[in-house]
Amino acid sequence: MGELDVLYEGRSATLWTYMNPKGRPSFTPIMLNDFERWQDLIEQGFGPDKVPLRYLVLGSRSPDVFCFGGDLELFQRLIRERKREALVEYGHRCCRILDRNIRTLGIPMLTIGMVQGTALGGGFEALLSFDYIVAEKQATFGLPEIMFGLYPGMGAHAFLARKLGSAMADRIIVSNETFTAQQMYDLGLVHALAEPGDGVNAVRDFIKKSDRRHAGLVGSRRAIKEVWQLHLSELNRITEMWADTALQLREQDLKVMSRLVAAQARLAERIAAA
């Protein structure tokens with residue numbers, strides 16, 4: 001896997017994974033390929049009667065960025081070329097990855113998103129599929145899609161409505177606001193806060209405190225998801241609606257998207273230089 005760094009820690013039965021993109025810190029097709037392969041390998045190699053796995057952690061190697069979400073450069077091209085099926089296919093791949101993460105790949109483990117920077121759009125949506133989120137205090141969260149006439153199409157409505165209620169979900173989705181880690185903690189979306197630069201230690205501490213009650217926490221999370229009644233078919237329907245909405249964007253909307261892509265590219269260059 002070219003864009004995921006993976007380390008297994010046997011003492012705590014934890015699989016640490018870091019996104020390490022070659023370019024923009026977004027969910028490009030290359031990154032999606034790696035996530036699909038990552039999940040396949042975890043299913044094959046870990047679990048009962050295999051290599052023990054109690055915790056799965058996802059973070060990022062990109063300084064100050066968790067993930068900017070969907071591949072806006074790809075979206076622009078597909079929208080201009082009127083390729084609805086390609087947009088739907090991209091969305092379905094994302095939804096499939098999220099659905100497998102929600103179900104913890106059939107392994108009795110806890111999943112933890114570790115946020116040490118900015119999580120926007122699909123990056124924020126992806127975090128919502130994890131059992132727990134640990135965030136450093138300088139981390140920020142947002143769903144900026146409304147600024148270019150779109151909305152987040154890979155899970156935000158489904159997750160936020162179930163976690164916070166539909167009114168609060170809609171407020172977050174259409175606000176184009178940036179939320180701090182503290183605000184997300186106060187809403188209950190972030191489960192633990194860490195000082196800047198201390199995210200890994202905070203995750204280790206979270207794992208240590210959770211270890212004796214691991215079975216209960218796994219069972220509780222499964223019960224919550226049973227109440228959610230969130231199925232892949234629902235995620236897929238929403239992403240198909242998202243694709244239809246994307247094809248209605250005007251040229252001025254695509255120009256806003258272009259400016260965001262350019263800003264992301266400049267940041268990726270600075271990261272590479274560092």
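Quick note: structure is the one above.
Residues numbered from 1 in each chain as written. Predicted model: local features only at pLDDT ≥ 70, side-chain atom pairs only at ≥ 80, totals over all residues. Heavy atoms only, no water.

Enquirer: Mind showing me how you'd approach the sheet that holds strand E4 (residues 65–67) here?
Expert: Across the sheet, which stays open at both edges, the four strands sit in the order E4-E6-E8-E9 with mixed pairing between neighbours. Two strands close off the open sheet at either side, each with one partner strand: E4 and strand E9 (178–180). Shown here is a sheet whose adjacent strand axes are inclined to one another by a mean of 25°, direction ignored. Bridge count between strand E8 (residues 140–142) and E9: three bridges; the pairing is antiparallel. What sits directly across from Gly142, in E9, is Thr178. (Pairing = 2+ DSSP bridges. Helix = DSSP H or I, 4+ residues; strand = E, 2+ residues; numbered from the N terminus. Axes fitted to C-alpha atoms, helices over the stretch in contact; angles between N-to-C directions.)

Enquirer: Which parts of the structure should I look at to understand the pairing of strand E7 (residues 132–136)?
Expert: Regular strands place their side chains on alternate faces of the sheet. By the criterion of burial, E7 is predominantly enclosed, with five of the five residues buried. Here E7 shows no split at all, with Tyr132, Val134 and Glu136 on one side and Ile133 and Ala135 on the other all buried. Sheet analysis places strand E5 (residues 110–115) next to E7, joined by four bridges and oriented parallel. In the sheet register, Val115 faces E7, and the bridge partner there is Ala135. Bridging between E7 and strand E10 (residues 192–194) involves three bridges; their strand directions are parallel. Note that in E10 the partner of Ala135 across the bridge is Leu193. (Buried < 20%, exposed > 50% of the residue type's maximum accessible area, 1.4 Å probe, protein only.)

Enquirer: Could you clarify how one ought to interpret the layout of surface pockets in this entry?
Expert: Rolled over the atoms, a probe with the dimensions of a water molecule shows which regions are left empty. What the largest pocket holds in volume is close to 500 Å³. Around the largest pocket, the lining is made up of 34 residues, and of these Phe27, Gly69, Gly70, Gly121 and Gly122 lie nearest the centre. Contributions of two or more residues to the lining of the largest pocket are made by helix H1 (29–45), helix H2 (72–80), helix H3 (84–102), helix H4 (122–127) and helix H11 (251–273). It is H3 that provides the largest number of residues to the lining of the largest pocket, a total of five residues. For the lining of the largest pocket, the class distribution of residues is 23 nonpolar, nine polar and two charged. (1 Å grid on protein atoms, 1.4 Å probe; cavity = no way out; pocket = protein on both sides within 12 Å on 5 of 7 lines; lining within 4 Å. Points joined across faces, edges and corners; volume = space filled by probe spheres on them. Nonpolar A, V, L, I, M, F, W, Y, C, P; charged D, E, K, R; others polar.)

Enquirer: Sorry if this is basic, but what is going on with the pattern of salt bridges here?
Expert: Where charged atoms of side chains with opposite charge meet at close range, the side chains can pair. Under the definition given, this model contains 21 salt bridges. Ionic pairing is found between Arg103 and Asp99, a salt bridge with its closest N-O pair at 3.0 Å. A relative accessible area of 39% places Arg103 in the partly exposed class. According to the relative accessible area criterion, Asp99 is buried, its value standing at 6%. (Salt bridge = Lys/Arg side-chain N within 4 Å of Asp/Glu carboxyl O.)

Enquirer: Could you clarify how one ought to interpret the packing of aromatic side chains in this entry?
Expert: A ring pair, where both rings are aromatic, is described by two values, the distance of the centres and the angle of the planes. If you walk through the whole model with that rule in mind, you get eight aromatic pairs. With centroids separated by 5.0 Å and ring planes inclined at 85°, the aromatic side chains of Phe75 and Tyr90 adopt a geometry described as edge-to-face. Taken together, the residues Phe75 in helix H2 and Tyr90 in helix H3 connect sequence positions 15 residues apart. In this structure Tyr90 comes out as buried when scored by relative accessible area, which is 5%. Ring plane angle 70° and centroid distance 5.1 Å describe the contact between Phe75 and Trp242, whose orientation is recorded as edge-to-face. A residue pair is termed long-range when its members are at least 10 positions apart, and Phe75 in helix H2 and Trp242 in helix H10 (residues 232–246) qualify at 167 residues. Considered together, Phe75 and Trp242 belong to a single accessibility category, that of buried residues. By way of ring pairs, the aromatic residues Phe27, Phe35 and Trp38 are connected into one cluster. (Phe/Tyr/Trp six-rings, centres within 6.5 Å; stacked < 30°, edge-to-face > 60°.)

The quantities given are spatial measurements derived from coordinates; they are silent on function.
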